[in-house]
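Structural characterization, general
Here is how the chains run, residue by residue.
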Amino acid sequence: MSVPTISTHNLSISYWSKNKRIEALQNVSLTINAGEFVSLIGPSGCGKSTLLNVIAGLINSGTEVNGSFNISGIKEIGYLFQKQTLLPWRTVIDNVTAPLEIRGVSRHERRKIALAMLEKYGLSGFENSFPRELSGGMQQRVLLIRTLIYQPDVVLLDEPLSSLDAQTRAIVQDEFLRVWRDTGCTFVLVTHDLDEAIALSQRVFLLSARPGKIVKEFQIDLPPERSAIAIRTDPKFQQIQREMWSELTTQVLQPDRGISLLKT
Ligand code: ADP
Ligand code: MG
């Protein structure tokens, strides 16, 4: 049975900057169920990161919030921010254990938890390496482990793979799927990569240019046990991909007005 864990109703968010009001989101109503993998796609600046910040409770007092927002049954939220990196002067294990350190977990306990997770996700033997000694894909995996280490119920991912090359990205996407299935966490992913959204999610919300509104919700009817790589040749995947591109190009993207998925 579907149990809603995050929901918004007619949520509108505006920032104030130099006495000017910037409307980031407008009348966003959505429900995310516990254990679901959901993605948000939409043009640069349409409020995707803002929506993740709302879920994470990171909207500050000067921001105008209208409508309602609810989270339930969530004890911990893991958040992998856009362009987040590892601390270069810390080893892998000291990076991974940082959130536990902040929470006052003893050094012995921290190491025990971290070593078990590094082993589970194929990073045994790298605990004393420095980030620069790891490949981009491995660094991304370490970041994800750091996000998972205090066992969040919800994992928020803001364009986590945008710095990786296409091949590495596909491999890490597959690992994200595995982690999602393993942990049973709710995943909310922001991405500008349509294929990534389809390959990983159960539902995808397409947002319009700023102020971001939900243009369409896509149900991704592909098996949860799929491989993020192999699924791309599935006719159903390709059908959804065509529908999404069609919606995106007719309803959302307007290159002549500078509306594109990526910042230029
Ligand atoms: P996205 O993640 O989709 O690129 P954001 O949520 O980061 O979009 O931003 C939405 C809009 O709100 C953008 O126009 C951005 O410049 C603006 N914005 C975001 N954060 C702030 C802030 N703290 N103060 C003022 N404007 C902001
Ligand atoms: Mg963003």
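Use the structure listed above.
Everything quoted here is computed from the prediction, not taken from an experiment.

Here we take up the packing of aromatic side chains. Across all of its chains, the model carries three aromatic pairs by this definition. Aromatic side chains Y79 and F81 sit 4.0 Å apart centroid to centroid with 20 degrees between the ring planes, which places their arrangement in the stacked category. Taken together, the ring pairs in this structure connect F37, W180 and F187 into an aromatic cluster. The ring of Y150 is capped by R103, whose NZ or CZ atom sits 3.9 Å from the centre of that ring.

By nearness alone, every residue bordering ligand 1 is listed as Y15, I22, A24, P43, S44, G45, C46, G47, K48, S49, T50 and R210. Within the backbone of G47, one N or O atom sits 3.0 Å away from an oxygen atom of ligand 1. Taking R210, its side chain carries an N or O atom lying 3.3 Å from an oxygen atom of ligand 1. For ligand 1, the protein covers 65% of the area, taking 560 Å² as the surface of the free molecule. Taken together, the elements giving at least two residues each to the shell around ligand 1 come down to β2 (20-33) and α1 (48-56). The greatest single-element share of the shell around ligand 1, amounting to three residues, is contributed by α1. When grouped by side-chain class, the residues that make up the shell around ligand 1 number five nonpolar, five polar and two charged.

Time to look at the pattern of salt bridges. On inspection of all chains with the given rule, the structure shows eleven salt bridges. Note that E196 is salt-bridged to R169, the shortest N-O span being 3.9 Å. Pair noted here: E196 is in helix α7 (residues 194-200) and R169 is in helix α6 (residues 166-183), with a separation of 27 residues, a long-range link. Assigned by exposure class, E196 and R169 land together as buried. In this structure, R203 engages E217 in a salt bridge whose closest nitrogen and oxygen atoms are separated by 3.0 Å. Highlighted residues: R203 in strand β8 (residues 203-207) and E217 in strand β9 (residues 214-219), separated in sequence by 14 residues. R203 sits in the buried class, given a relative accessible area of 8%.

A few words on the coordination of the magnesium ion (ligand 2). The protein atoms that coordinate the magnesium ion (ligand 2) are S49 (OG) and Q82 (OE1), at distances spanning 2.1 to 2.7 Å. Linking S49 in helix α1 with Q82 in the loop between β5 (77-80) and α2 (92-96), this pair joins segments that are 33 residues apart in sequence. Classification of Q82 as partly exposed rests on a relative accessible area of 30%.

On to the sheet that holds strand β1 (residues 4-17). Pairing within the open sheet is antiparallel, and its three strands lie in the order β2-β1-β4. Looking along the sheet, the strands with just one partner apiece sit at the ends: β2 and β4 (64-71). The average undirected angle you get between the axes of adjacent strands in this sheet is 10 degrees. Of the strands in this sheet, β1, β2 and β4 touch α1, which is tilted by about 120 degrees from β1.

The rules behind these values
Residues numbered from 1 in each chain as written. Chains lettered and ligands numbered in written order. Predicted model: local features only at pLDDT ≥ 70, side-chain atom pairs only at ≥ 80, totals over all residues. Heavy atoms only, no water. Phe/Tyr/Trp six-rings, centres within 6.5 Å; stacked < 30°, edge-to-face > 60°. Lys NZ or Arg CZ within 6 Å of the ring centre and 35° of its normal. Near = heavy atom within 4 Å. Polar contact = N/O pair within 3.5 Å; in protein donor to acceptor, adjacent residues only side chain to side chain. Areas by Shrake-Rupley, 256 points an atom, 1.4 Å probe, with all protein chains shown as cover. Helix = DSSP H or I, 4+ residues; strand = E, 2+ residues; numbered from the N terminus. Nonpolar A, V, L, I, M, F, W, Y, C, P; charged D, E, K, R; others polar. Salt bridge = Lys/Arg side-chain N within 4 Å of Asp/Glu carboxyl O. Buried < 20%, exposed > 50% of the residue type's maximum accessible area, 1.4 Å probe, protein only. Donors = N, O, S within 2.8 Å, 3.2 Å for Na, K, Ca; no water. Pairing = 2+ DSSP bridges. Axes fitted to C-alpha atoms, helices over the stretch in contact; angles between N-to-C directions. Contact = heavy atoms within 4.5 Å.

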